[in-house]
Amino acid sequence: MVEVRDGKQRLACKYDAETGLIEALYKGYKASTRLAVGESFRVERDTTVTVVTRDTVTTFLIEQNRVTS
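Criteria and thresholds
Residues numbered from 1 in each chain as written. Predicted model: local features only at pLDDT ≥ 70, side-chain atom pairs only at ≥ 80, totals over all residues. Heavy atoms only, no water. Pairing = 2+ DSSP bridges. Helix = DSSP H or I, 4+ residues; strand = E, 2+ residues; numbered from the N terminus. Axes fitted to C-alpha atoms, helices over the stretch in contact; angles between N-to-C directions. Contact = heavy atoms within 4.5 Å. Polar contact = N/O pair within 3.5 Å; in protein donor to acceptor, adjacent residues only side chain to side chain.

Okay, the sheet that holds strand S1 (residues 2-5) next. Pairing is antiparallel in the open sheet, where four strands are placed in the order S1-S2-S3-S4. The sheet is open, and its two borders are formed by S1 and strand S4 (29-34), each paired with just one other strand. For this sheet, the mean angle separating the axes of adjacent strands, direction not counted, is 20°. Sheet topology note: the strand S2 (residues 11-15)/strand S3 (residues 21-26) ladder contains two bridges and is antiparallel. Residue pairing in the sheet places Lys14 in a bridge with Glu23 of S3.

Tracing the backbone through its elements, the reader meets Arg5 in strand S1. Excluding residues within four positions of it along the chain, Arg5 makes contact with Arg10, Leu11, Ala12 and Gln64. For Arg5, the side chain forms a polar contact with the side chain of Glu3, separated by 2.8 Å.

In space, the three strands of this open sheet follow the order S5-S6-S7, with antiparallel pairing throughout. A strand with exactly one partner marks an edge of an open sheet, and here the two such strands are strand S5 (40-45) and strand S7 (60-66). Within the sheet, the average angular offset between the axes of one strand and its neighbour, ignoring direction, is 15°. Where S5 meets strand S6 (residues 48-54), six bridges bridge the pair, whose relative direction is antiparallel. Bridging from a neighbouring strand, Ser40 pairs with Thr53 of S6.

This is how it looks when you write it as structure tokens:
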């Protein structure tokens, strides 16, 4: 599994490029899903937003943004 870190270097989620499985762990809770090509998974935590999109069968695109209050 490949780790994805947010803008504050905290673990946002993990993904498996071969299967499309993506998991997000936070305070003992786990959310997981399998992404098809073109689908996205969004993780929001405090002031950071991380969007993971399955670009092709084996590649993912990572987008990170800050949310201002």
